[in-house]
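Geometric and topological summary
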Amino acid sequence: MIKLQRLIGLPVIVIHSGKLVGTVKDAWFDEHWQLKGLILDCAKWFASTVKIVEWSHVLSCGEDTVIIANEAAVVRKKSKQLLRSLETGLIKLKDLPVVTVQGIQLGRVSDVYFYPNEGTQIVGYELTDGFVSDLMEGRKWLRAPSDPESVLLGEDAIIVPAVCEAELEPVAASNFRG
């Protein structure tokens, strides 16, 4: 299991040529918050398109590099088409409040976890209550509920079952890479 933010800033290299094709800037999601691909850095400041790599072309995500199948995997897409992303889209997953159906806010999304080789479904959230709280108490980990129908990943909030409040754990307990 890896943190999505760990990928940001990593170089993206083609496996057969060793060519550097960009650096990971963000990750983009579909309307069901399934990871669709990586957004790469763009040299143009006010570009209407961005370079992306669909997740199906990513061969591996190491500690220091993302490896892709071939250079043709890097394509341009209009930035308006990438509505949902971790940090830069119109709808940002980062900082979305996570609330229970009873109206209790559990925190705001700081990062998400996923298994890179087992699909692109988010398997957990790292939650923050702010800088001071992070220093005093640490961040919290919330495993994504096993029933995806019980979670609403909305535009302005993530709504989870009430039982999720009791399932919060300290981040250190789940901060591993598998």
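Refer to the preceding data block for the structure.
Criteria and cut-off values
- Residues numbered from 1 in each chain as written.
- Predicted model: local features only at pLDDT ≥ 70, side-chain atom pairs only at ≥ 80, totals over all residues.
- Heavy atoms only, no water.
- Helix = DSSP H or I, 4+ residues; strand = E, 2+ residues; numbered from the N terminus.
- Rg over C-alpha atoms; globule rule 2.2 N^0.38 Å.
- Buried < 20%, exposed > 50% of the residue type's maximum accessible area, 1.4 Å probe, protein only.
- Areas by Shrake-Rupley, 256 points an atom, 1.4 Å probe, with all protein chains shown as cover.
- 1 Å grid on protein atoms, 1.4 Å probe; cavity = no way out; pocket = protein on both sides within 12 Å on 5 of 7 lines; lining within 4 Å.
- Points joined across faces, edges and corners; volume = space filled by probe spheres on them.
- Nonpolar A, V, L, I, M, F, W, Y, C, P; charged D, E, K, R; others polar.
- Core = buried A, V, L, I, M, F, W, Y, C linked by side-chain atoms within 4.5 Å.
- Contact = heavy atoms within 4.5 Å.
- Polar contact = N/O pair within 3.5 Å; in protein donor to acceptor, adjacent residues only side chain to side chain.

**What about the overall build of the chain?**
Helix and strand counts for the chain come out as 1 helix and 17 strands. In terms of overall size, the chain behaves like a compact globule, its C-alpha atoms giving a radius of gyration of 17 Å where 178 residues would be expected to give roughly 16 Å. Overall size of the chain, expressed as C-alpha extent along the three principal axes, is 50 × 35 × 30 Å. Taken over 178 residues, the chain has a buried fraction of 43%. Per element, the accessible surface of the chain, about 9,700 Å² overall, is 54% carbon and sulfur.

**Points about the layout of surface pockets**
In this structure, the largest pocket occupies an estimated 330 Å³ of space. Within the lining of the largest pocket, the residues separate by chemical class into 10 nonpolar, 4 polar and 3 charged.

**Focus: the nonpolar core**
In this structure, Leu-7, Val-66, Ile-68, Leu-93, Val-109, Tyr-125 and Ile-158 are the most contacted members of the largest nonpolar core, which totals 40 residues. Looking at this core, the elements with two or more residues in it are strand S2 (11-14), strand S3 (20-29), strand S4 (35-40), strand S6 (58-61), strand S7 (66-68), strand S12 (105-114), strand S13 (124-128) and strand S16 (158-160). The residues contacting Leu-93, other than those within four sequence positions of it, are Phe-29, Trp-33, Ser-85, Leu-86, Val-109, Val-112, Ile-122 and Ile-158.

**Focus on unusual backbone geometry**
For Asp-95, which is not glycine, the phi dihedral falls at a positive 80°. The topology assignment puts Asp-95 in the loop between strand S10 (91-92) and strand S11 (97-100). By relative accessible area, which is 43% here, Asp-95 ends up partly exposed.

**Points about the side chain of Lys-140**
On the secondary structure map, Lys-140 appears in strand S14 (residues 140-143). At 2.6 Å, the side chain of Lys-140 and the backbone oxygen of Leu-106 are in polar contact. In this structure Lys-140 touches Leu-106, Tyr-125, Glu-126, Leu-127, Asp-129, Leu-168, Glu-169 and Val-171, once residues within four positions along its chain are discounted.

Without other data, these values stay purely geometric and don't point to any function.
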